[in-house]
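# Chains, contacts and geometry: an overview
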Amino acid sequence: MNLAKTVESYLQQYGIAYTVVHHLPSMSSKQTALAAHVPPHRIAKAVILADDRGYLMAVVPGNRHVELHSLCEKLGRRLELVSEDRIAPVFQDCEVGAIPPLGPAYGMETIVDDSLVGQKQVYFVGGEHDKLVCVDGEEFLRLLGPTRYGQFSH
């Protein structure tokens with residue numbers, strides 16, 4: 001399997017130049033950063049949350065965690081973490097747990113942590129546990145379209 005078809009076509013749709021970084025399979029952002037020799041703060045990861053209004057993708061750097069209480073207050077929602085198995089049907093072209101942080105590509109409302117703004121390069125999983133996609137930082141934000149930003153990680 002290469003990149004998830006949705007990711008590949010989304011990158012093409014926006015005309016985004018990218019490179020693929022191959023690494024040993026990993027199951028966490030910390031492991032991925034080590035395996036790919038990439039600073040963890042440059043890896044964008046997706047955290048999927050949900051409430052009665054639906055799913056929300058929170059995009060944070062690989063070395064940070066979502067402050068759920070802060071995010072819920074900021075959005076006026078009662079969000080909770082969604083299990084990887086529960087969300088798998090939305091990301092059918094991805095390996096379980098290798099969710100690309102491209103909510104709009106999958107029709108999902110997205111919020112981006114401010115700490116990702118200003119990065120020269122951003123890396124993210126493209127649907128598999130042994131590859132990272134590398135794009136220009138500004139181009140990554142362009143892929144996310146008109147979305148919300150805020151400080152909600154530590």
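Just above sits the structure.
Keep in mind that this is a model prediction, so the values were computed, not measured.

### A look at the nonpolar core
- Ranked by size, the top nonpolar core spans 29 residues in total, and within it L11, I48, F91, L102, F124 and F140 carry the most contacts.
- Looking at this core, the elements that each hand over two or more residues are helix 1 (5–13), strand 2 (44–51), strand 3 (54–61), strand 6 (121–125), strand 7 (131–136) and helix 5 (137–143).
- Leave out the neighbours within four places in its chain, and L11 touches L3, I16, Y18, V133, V135 and L143.
- With twelve residues, the next largest nonpolar core counts V47, L56, L71 and L75 among its residues.

### So, the packing of aromatic side chains
- Under the criterion given, the structure shown has three aromatic pairs.
- On the basis of an interplanar angle of 55° and a centroid distance of 5.0 Å, the ring pair of Y10 and Y14 is categorised as tilted.
- Classification of Y10 as buried rests on a relative accessible area of 7%.
- When the ring of F124 is compared with that of F140, the centres are 5.6 Å apart and the planes differ by 40°; the resulting orientation is tilted. Of the two residues, F124 is situated in strand 6 and F140 in helix 5; the sequence distance between them amounts to 16 residues. Neither residue differs from the other here; F124 and F140 are each classed as buried.

### Brief notes about the sheet that holds strand 7
- Ordered in space as 1-7-6, the three strands form an open sheet in which the pairing is antiparallel. Strand pairing shows two members of the sheet lacking a second neighbour, strand 1 (19–22) and strand 6, which therefore form its edges. Each strand axis lies, on average, 30° off the axis of its neighbour in the sheet, ignoring direction.
- Looking at chain direction, strand 1 and strand 7 are connected through four bridges and run antiparallel. What sits directly across from T19, in strand 7, is C134.

### Observations regarding the environment of G107
- As for its placement among the helices and strands, G107 is situated in the loop between helix 4 (84–87) and strand 5 (110–113).
- For the pair G107 and Y18, spaced 89 residues apart in sequence, the C-alpha separation works out to 22 Å.

### As for the layout of surface pockets
- Empty space within the largest pocket amounts to approximately 530 Å³.
- Forming the walls of the largest pocket are 27 residues, and the residues nearest its centre are S29, K45, A46, E84 and G97.
- Among the elements that line the lining of the largest pocket, the one with the most residues is strand 2, at five residues.

### Quick look at empty space enclosed by the protein
- The full count for this structure, using the stated rule, is one cavity of 30 Å³ or more.
- Put simply, the largest cavity is a space of about 40 Å³.
- Lining the largest cavity we find E84, I87, A88, F91, C94, E95, V96, G97 and I99.
- In the lining of the largest cavity, the residues fall into six nonpolar, one polar and two charged.

Cut-offs used in this document
- Residues numbered from 1 in each chain as written.
- Predicted model: local features only at pLDDT ≥ 70, side-chain atom pairs only at ≥ 80, totals over all residues.
- Heavy atoms only, no water.
- Core = buried A, V, L, I, M, F, W, Y, C linked by side-chain atoms within 4.5 Å.
- Buried < 20%, exposed > 50% of the residue type's maximum accessible area, 1.4 Å probe, protein only.
- Helix = DSSP H or I, 4+ residues; strand = E, 2+ residues; numbered from the N terminus.
- Contact = heavy atoms within 4.5 Å.
- Phe/Tyr/Trp six-rings, centres within 6.5 Å; stacked < 30°, edge-to-face > 60°.
- Pairing = 2+ DSSP bridges.
- Axes fitted to C-alpha atoms, helices over the stretch in contact; angles between N-to-C directions.
- 1 Å grid on protein atoms, 1.4 Å probe; cavity = no way out; pocket = protein on both sides within 12 Å on 5 of 7 lines; lining within 4 Å.
- Points joined across faces, edges and corners; volume = space filled by probe spheres on them.
- Nonpolar A, V, L, I, M, F, W, Y, C, P; charged D, E, K, R; others polar.

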